[in-house]
Amino acid sequence: MPSPNSSDLSPPSFILASIPGLEAAHFWMAIFLCSMYIVAVTGNCAVLFIVKTEPSLHAPMYFFLCMLAAIDLALSTSTVPRVLSFYWFNTREISFGACLVQMFLIHTLSAIESTVLLAMAVDRYVAICHPLRHAAILTNAATVKIGLVAMARGVLFFLPLPLLLLPLPFCNSRLLSHSFCLHQDVMNLACANTTPSVVYGLTAILLVMGLDAVLICLSYILILKAVLRLASWKERLKAFSTCVAHICVVLAFYVPLIGLSVVHRFGKDLAPLVHITMGNIYILVPAVLNPIIYGVRTKQIQKRILNLIHIYNN
């Protein structure tokens, strides 16, 4: 294993972070992460299967939910198996190329998820504020186009991140602060001018996640105004209750994202446990919570799950 302080200009590998003093607990930490990963994979696969096989769910909102499920599966699978390999087998090295690929996948998939969440907010806005035009505006064809735009947007904005890091020399420590590769983390290890990478990374984040968050808030301001114009509180609660699941999913995505960004920006002196915990929350919590939230809030999904359990038990 190469030393974290090796001075080669072209690093063959980076060193994944461990928690000082808790190396003996890695096995049990891996058990916990593996359990969460199994829940995430099972829940998101169940969402994909139920929406595919239930004709009543063949609507834009549930197609967007399928996109979220697919993104969460890809995001967790691109990171968690490598983290488990580290915790169980102490394989702390990750090659420079593999690190850049993992970094690209994490940031690109996060950008795609952010765009899909914005599309779901627009879907809720049209459904509540313009219900008679909802079917005409958000057709199945339009939903597919939105999904393709989300993918293209994520790739185009975040492909430059690994490309900007390729020519940089890494002569400082190769020790990362997470159990996987993130742009800010890798960039901080370079021993050259990283201003272009810093500026572009911040710009991409603001133009994708930042802009999406602002537009989602604007959608809900307009939704709230429309709901408050309804005659009775019962009608208001019924209309707004259709947004509860989406609001929870938005919070499950943006709160860990903001928390991780704050830790990177202001938490350089924090304990390694904080960095590693925030990173794992960012990767796994949305993937675990999203199918649970929609499973609890959607009667058709609940019914289908109960039918599957009944069939399995018999």
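Residues numbered from 1 in each chain as written. Predicted model: local features only at pLDDT ≥ 70, side-chain atom pairs only at ≥ 80, totals over all residues. Heavy atoms only, no water.

### With respect to the layout of surface pockets
Considered as a void within the structure, the largest pocket measures approximately 670 Å³ in volume. Those elements that provide at least two residues to the lining of the largest pocket are α8 (183–187), α9 (195–228) and α11 (244–266). Looking at the lining of the largest pocket, the element that brings in the most residues is α9, giving 8 residues. For the lining of the largest pocket, the per-class residue count stands at 12 nonpolar, 9 polar and 2 charged. Roughly 350 Å³ of volume is contained in the second largest pocket. Forming the boundary of the second largest pocket are 15 residues, of which Tyr-62, Arg-124, Thr-242, Arg-297 and Thr-298 lie nearest the centre. Contributing elements (two or more residues each) for the lining of the second largest pocket: α2 (60–77), α10 (233–241), α11 and α12 (272–297). When residues in the lining of the second largest pocket are grouped by element, the largest group, 3 residues, is from α2. Within the lining of the second largest pocket, the residues separate by chemical class into 6 nonpolar, 6 polar and 3 charged. (1 Å grid on protein atoms, 1.4 Å probe; cavity = no way out; pocket = protein on both sides within 12 Å on 5 of 7 lines; lining within 4 Å. Points joined across faces, edges and corners; volume = space filled by probe spheres on them. Helix = DSSP H or I, 4+ residues; strand = E, 2+ residues; numbered from the N terminus. Nonpolar A, V, L, I, M, F, W, Y, C, P; charged D, E, K, R; others polar.)

### Some points on the nonpolar core
If you look at the biggest cluster of nonpolar residues, it comprises 87 residues, and the most contacted ones within it are Phe-14, Val-116 and Leu-117. Excluding residues that lie within four positions of it along the chain, Phe-14 makes contacts with Arg-92, Glu-93, Ile-94, Phe-96, Cys-99, Phe-170, Arg-174, Leu-176, Val-186 and Leu-189. (Core = buried A, V, L, I, M, F, W, Y, C linked by side-chain atoms within 4.5 Å. Buried < 20%, exposed > 50% of the residue type's maximum accessible area, 1.4 Å probe, protein only. Contact = heavy atoms within 4.5 Å.)

### What to know about the UniProt feature "transmembrane region" (unreviewed entry) in the protein chain
UniProt marks residues 27–50, 62–88, 94–122, 134–159, 198–223, 244–267 and 273–296 with the feature "transmembrane region" (unreviewed entry), using the numbering shown here. For residues 94–122, helix accounts for 93% and strand for 7%, while the C-alpha atoms at its two ends are 40 Å apart. Summarising residues 273–296: 100% helix, 0% strand, and an end-to-end C-alpha distance of 32 Å. (UniProt positions renumbered as here; feature names shortened; annotations may be inferred.)

### Comments concerning empty space enclosed by the protein
The full count for this structure, using the stated rule, is 2 cavities of 30 Å³ or more. Looking at the largest cavity, its volume works out to about 90 Å³. The wall of the largest cavity is formed by His-107, Leu-182, Gln-184, Ile-205, Met-209, Leu-257, Leu-260, Ser-261 and Tyr-282. Split by residue class, the lining of the largest cavity holds 6 nonpolar, 3 polar and no charged. Volume-wise, the second largest cavity comes out at about 40 Å³.

### Some remarks on the state of the cysteines
Enumeration according to the criterion identifies 1 disulfide in this entry. A sulfur-sulfur distance of 2.0 Å marks the disulfide that ties Cys-99 to Cys-181. Looking along the S-S bond of the Cys-99-Cys-181 disulfide, the torsion reads about -120 degrees, which is the left-handed sense. Here Cys-181 lies in the loop between α7 (160–165) and α8 and Cys-99 lies in helix α4 (residues 96–129), a separation of 82 residues in the sequence. Overall, Cys-181 belongs to the buried group, its relative accessible area being 0%. No disulfide involves Cys-66; its sulfur sits 11 Å from the nearest other cysteine sulfur, which is in Cys-45. (Disulfide = S-S within 2.5 Å.)

### What about the environment of Phe-170?
Relative to the helices and strands, Phe-170 resides in the loop between α7 and α8. By relative accessible area, which is 0% here, Phe-170 ends up buried.

### Re the packing of aromatic side chains
All told, the structure shown has 6 aromatic pairs when counted by the stated rule. Centre to centre, the rings of Phe-27 and Trp-28 are 5.1 Å apart; their planes meet at 90 degrees, and the pair counts as edge-to-face. Members of the aromatic cluster, connected to one another through ring pairs, are Phe-14, Phe-96 and Phe-170. The ring of Trp-233 carries Arg-236 above its face, with NZ or CZ at 4.7 Å from the centroid. (Phe/Tyr/Trp six-rings, centres within 6.5 Å; stacked < 30°, edge-to-face > 60°. Lys NZ or Arg CZ within 6 Å of the ring centre and 35° of its normal.)

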